[in-house]
Amino acid sequence: AGMLHKIVVNNPTNNAITIYDNTTAVAPIIAVINPGAVATPFALPYDLSFSNGLTIVTAGSPDLTIIYE
């Protein structure tokens, strides 16, 4: 259990990022992000709690920074 504060997409790619409230890539899903092929890094504030674990799966190889506690 913890708190997901922010996801920073440092090097966006046109690949989906799926965030799960679990220790594996199964439901419940917190979010599905499809950043597109933009060149500018961006941050997504969440400030939400998760209770089962935090798993992040990407379809490609984006450069992400995950801020959580």
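Anything mentioned here points back to the structure above.
Reference entry: report on the structure contained in this document.

Criteria and thresholds
- Residues numbered from 1 in each chain as written.
- Predicted model: local features only at pLDDT ≥ 70, side-chain atom pairs only at ≥ 80, totals over all residues.
- Heavy atoms only, no water.
- Core = buried A, V, L, I, M, F, W, Y, C linked by side-chain atoms within 4.5 Å.
- Buried < 20%, exposed > 50% of the residue type's maximum accessible area, 1.4 Å probe, protein only.
- Helix = DSSP H or I, 4+ residues; strand = E, 2+ residues; numbered from the N terminus.
- Contact = heavy atoms within 4.5 Å.
- Polar contact = N/O pair within 3.5 Å; in protein donor to acceptor, adjacent residues only side chain to side chain.
- Pairing = 2+ DSSP bridges.
- Axes fitted to C-alpha atoms, helices over the stretch in contact; angles between N-to-C directions.

Formed by Leu4, Ile7, Val9, Ile17, Ile19, Ala31, Ile33 and Phe50, the largest nonpolar core amounts to 8 residues. Contributions of two or more residues to this core are made by strand E1 (2-11), strand E2 (17-20) and strand E3 (29-33). A per-element tally of this core places E1 first, with 3 residues. Residues in contact with Leu4, not counting those within four places in the same chain, are Ile19, Tyr46, Asp47, Leu48, Phe50, Leu54, Ile66, Ile67 and Tyr68.

This next bit is on the side chain of Asn22. Counting through the fold element by element, Asn22 comes out in the loop between E2 and E3. On the accessibility criterion, Asn22 (16% relative accessible area) is buried. Polar side-chain contacts of Asn22 include one of 3.1 Å to the backbone oxygen of Ala27. When neighbours within four sequence positions are excluded, Asn22 is seen to be in contact with Ala27, Pro28, Asn52, Gly53, Leu54 and Thr55.

What follows covers the sheet that holds E2. Reading across the sheet, the 3 strands line up as E3-E2-E5 and stay open at both edges, with antiparallel pairing between neighbours. If you trace the sheet from one side to the other, it starts and ends with E3 and strand E5 (55-58), each paired once. For this sheet, the mean inter-axis angle between neighbouring strands, taken without regard to orientation, is 15 degrees.

Let's shift gears to unusual backbone geometry. That bond from Ala27 to Pro28 is cis: its omega, 10 degrees, falls within 30 degrees of zero. Although it is not a glycine, Asp47 sits at a positive phi angle of roughly 45 degrees. Looking at the element boundaries, Asp47 is found in strand E4 (residues 42-50). Since its relative accessible area comes to 53%, Asp47 is described here as exposed.

Turning next to the environment of Thr24. Inspection of the secondary structure assignment puts Thr24 in the loop between E2 and E3. Assessed through its relative accessible area of 41%, Thr24 is described here as partly exposed.

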